[in-house]
Amino acid sequence: MPALPSIGFFDSGWGGLSIMKAARHELPQENFCYVADCGNAPYGDRTHEFIVNRAVKITDFLLREQHVKAVVISCNTATAEAAEVLRARYPEAVIVGVEPAVKPACELSKTKKIGVIATTRTINSKRYRDLLTRYAAQCRVFSQGCPGLMECVESGQFHSPYTVSLLKKYLQPMKAQGIDALVLGCTHYPFLSEAIEELMGPEVMLLEPGAAVARHLKGCLKDKGLLNPQESPDGRDSFYVSGLSAQKTLVAQRLYSSARCFFELTV
């Protein structure tokens, strides 16, 4: 029996696994193909042109070589910089992006003070500014670019003194302002949730987009009749990685315990 088509996911590294884990929970019968562009990370330090070029090459790889039935841009920075380009280039494809959870944070906040941590490029993007205009008019928003945090996750430093020092630098000013909701606006940051919770305390809720993206993806596939049948066996995962190394494999397996099939990405 031929393999059922996969859903493609891509990120500059392993942060997008926070999205894929949520999708695996929502869609256990689907096959997933994940692209980690580790050899070109972090995207947050790259130009708009570079990010768009990588997004196009990876999406070409997923659609034309892997024949995926949907592409999930599992990266806030890549979504902000390249989602519109990809949707214009592939008008028939299902392309799902990721945005900081500003809307639910503003709805849930009692103090109407929220924090957003993300890459500097996401914070400075037009897409993010438009998001604040649409949903945060009634809230005071403290936006913070966080250079270095993505690299902490990529290197497996979830609780190291260096990681904690960066988190304190970025988060303590927000805590002093009295925020009660913190948006994790980079898909890497949910893997730092435990350290963040220790710093912010139980009075600050953390919001990340994984579950909402997974539900949206499921709805898009259902609308187009592309869902695998429920009676199909549990889905398989495959991973294509630029700059593949033993260290990168070990980090991926810490973040996504069932990760097994790794291949070098050459595009």
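Because the structure is a prediction, the values reported are computed rather than measured. (Residues numbered from 1 in each chain as written. Predicted model: local features only at pLDDT ≥ 70, side-chain atom pairs only at ≥ 80, totals over all residues. Heavy atoms only, no water.)

### Some words on the packing of aromatic side chains
So, point 1. Throughout the structure, instances matching the rule amount to 9 aromatic pairs.
So, point 2. Considering the side-chain rings of Trp14 and Tyr34, the 5.8 Å spacing of their centres and the 15° angle between planes classify their relative orientation as stacked. Remark: Tyr34 occurs in strand 2 (residues 31-36) and Trp14 occurs in the loop between strand 1 (6-11) and helix 1 (17-26); sequence separation between them is 20 residues.
So, point 3. For the ring pair Tyr34 and Phe239, a centre distance of 6.1 Å and an interplane angle of 50° mean the geometry is tilted. Of this pair, Tyr34 sits in strand 2 while Phe239 is found in strand 9 (residues 237-241), placing the two residues 205 residues apart along the sequence.
So, point 4. Cation over ring: Arg24 sits above Phe32, and NZ or CZ is 3.9 Å from the ring centre.
So, point 5. Stacked on the ring of Phe50, the Lys or Arg Arg46 has its end atom at 4.2 Å from the ring centre. (Phe/Tyr/Trp six-rings, centres within 6.5 Å; stacked < 30°, edge-to-face > 60°. Helix = DSSP H or I, 4+ residues; strand = E, 2+ residues; numbered from the N terminus. Lys NZ or Arg CZ within 6 Å of the ring centre and 35° of its normal.)

### Comments concerning the sheet that holds strand 8 (residues 205-207)
So, point 1. Read from one edge of the open sheet, 4 strands run 6-5-7-8, paired in parallel fashion. Strands at the two margins of the open sheet, each flanked by one partner only, are strand 6 (140-145) and strand 8. Strand after strand, the sheet turns through a mean of 20° between neighbouring axes, direction not considered.
So, point 2. Packed on one face of the sheet, helix 9 (residues 193-200) meets strand 5 (113-118), strand 7 (181-184) and strand 8 and runs near 155° to strand 7. (Pairing = 2+ DSSP bridges. Axes fitted to C-alpha atoms, helices over the stretch in contact; angles between N-to-C directions. Contact = heavy atoms within 4.5 Å.)

Note that all results are geometric; they support no functional claim without further evidence.
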